[in-house]
Amino acid sequence: MTRSSITFSRRYSLLMIMFFALCLVAKAQLRTDFYQATCPDLLKIVRREVQSAIKTEMRMAASLLRLHFHDCFVNGCDASLLLDVTDSEKAAAPNLNSARGFEVLDRIKSSVESACSGVVSCADILAIAARDSVVLSGGTSWKVLLGRRDGLVANQTGANNGLPSPFETLDVIISKFATVGLDVKDVVSLSGGHTIGLAKCSTFSNRLFNFSGTGSPDSTLNQSMLTDLQNLCPLTGDGSNTAPFDRNSADLFDNHYFQNLINGKGLLGSDQILFSSDAAVTTNTKSLVLSYSSNSRLFLSDFADSMVKMGNISPLTGSAGEIRKNCRLVNS
Ligand code: HEM
């Protein structure tokens, strides 16, 4: 080998090492103290605003938690869900007339902007608001990693295809989570988010009268709950009435969701299959449901770990994306 080709190959190796080091840094860029110098009161401001929103309407905690999930599953946690654009994610089937809490995020963003303008991303605000919603509902806490930037585009097709639907099989739901790097344990622990909040009749009425063309209700649904839901969601209704996921403690973030599944009281088909389907045994979700139902601390700690994992889905960092001034619009 000539001297010049050795120099070239050394330089090339060095460049490759620098490239991989940069990739590693980019992945590890989210950190808890990201805004310590630039927006020291951020966490206090978000907590205060979430608290005030929940005081007005307790359900808002559930709605904000769900928004973070729906944001992260589509293009990563980049606040693309919040954009008011043509082909918005808001107008995708899983979100239309369903995702809520956008006005609350506007309020939080404007308080944050008053304290530290142009610094904090909408994606980070949503991640903090989701954590605070769980804490203020009596659940668990975790340190939110920060430093995400906001996306420049919405992805309606991604929202239609990537978000799990209550009518899908367990295998399909598990594969949708796997696509964004989440495993079976994440599927079960994060489904525990359904310990708070409400769902419309249209999302579970397929189970009430003629389930999968059988002419009968879903046999895995508890009889007294079935009767109540049939009354709430008559065949002649428009599907807009709502039922709580967890009938005994709809506003409390606890492990009752899992106890409900064992008693045939899961609300959505996608909830109950975590315990009652054949696939629940082969995929191990059934044994996870059993563990969480009897061990609340285990559930809360796994839920917190999975939320951090979910919050880490493909964040934009460094100079990618932007810090939006208004969460609904890209900066001009
Ligand atoms: C496993 C797949 C999932 C499916 C199929 C699913 C589906 C649904 C559906 C259909 C609703 C009711 C929407 C409506 O009636 O308008 C809902 C509500 C909700 N979901 Fe999920 N979800 C899933 C996972 C998750 C995850 C991972 C979280 C959060 C960690 C979550 C949090 C919530 C919350 C808190 C609500 C209530 C929102 C409110 O009351 O405004 N869900 N979900």
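Residues numbered from 1 in each chain as written. Predicted model: local features only at pLDDT ≥ 70, side-chain atom pairs only at ≥ 80, totals over all residues. Heavy atoms only, no water.

Where an unreviewed UniProt entry is consulted, the chain appears under the name Peroxidase, with the organism given as Prunus avium. Under Subcellular location (unreviewed entry), UniProt gives the following word-for-word description of the chain: "Secreted". On record in UniProt, under Function (unreviewed entry), the comment for the chain is "Removal of H(2)O(2), oxidation of toxic reductants, biosynthesis and degradation of lignin, suberization, auxin catabolism, response to environmental stresses such as wounding, pathogen attack and oxidative stress. These functions might be dependent on each isozyme/isoform in each plant tissue." (UniProt positions renumbered as here; feature names shortened; annotations may be inferred.)

(A) Inspection of the environment of S110 at higher detail. Relative to the assigned elements, S110 resides in helix α4 (residues 102-115). A relative accessible area of 43% means that S110 is categorised as partly exposed. S110 sits 102 residues away from S212 along the chain, and the two C-alpha atoms are 47 Å apart. (Helix = DSSP H or I, 4+ residues; strand = E, 2+ residues; numbered from the N terminus. Buried < 20%, exposed > 50% of the residue type's maximum accessible area, 1.4 Å probe, protein only.)

(B) Just the pattern of salt bridges, in detail. Going through the model one piece at a time under the given rule, you end up with 17 salt bridges. For D33, the salt bridge is made with R31, and the minimal N-O distance between the two is 2.7 Å. Judged by relative accessible area, D33 falls into the partly exposed class, the value being 33%. Between R207 and D218 there is a salt bridge; the shortest N-O distance is 2.9 Å. Linking R207 in the loop between β1 (198-200) and α9 (223-232) with D218 in the loop between β1 and α9, this pair joins segments that are eleven residues apart in sequence. For R207, a relative accessible area of 1% corresponds to the buried category. (Salt bridge = Lys/Arg side-chain N within 4 Å of Asp/Glu carboxyl O.)

(C) Representation of the coordination of the iron atom of the ligand in the model. In this structure the iron atom of the ligand is ligated by exactly one protein donor, H194 (NE2), at 2.1 Å. Looking at the element boundaries, H194 is found in the loop between α8 (184-191) and β1. (Donors = N, O, S within 2.8 Å, 3.2 Å for Na, K, Ca; no water.)

(D) Geometry of the UniProt feature "binding site: Ca(2+) 2" (unreviewed entry) in the chain. Taking the UniProt record as the reference, the feature "binding site: Ca(2+) 2" (unreviewed entry) is found at T195, D246 and D254. On the basis of their most widely separated C-alpha atoms, the annotated residues across 60 residues gather in one place, lying no more than 9.5 Å apart. For T195, the contacting residues outside a window of four places in its chain are D246, S249, A250, L252, F253, D254 and Y257. Mapped onto the fold, D254 is located in the loop between β2 (242-244) and α10 (256-262). (Contact = heavy atoms within 4.5 Å.)

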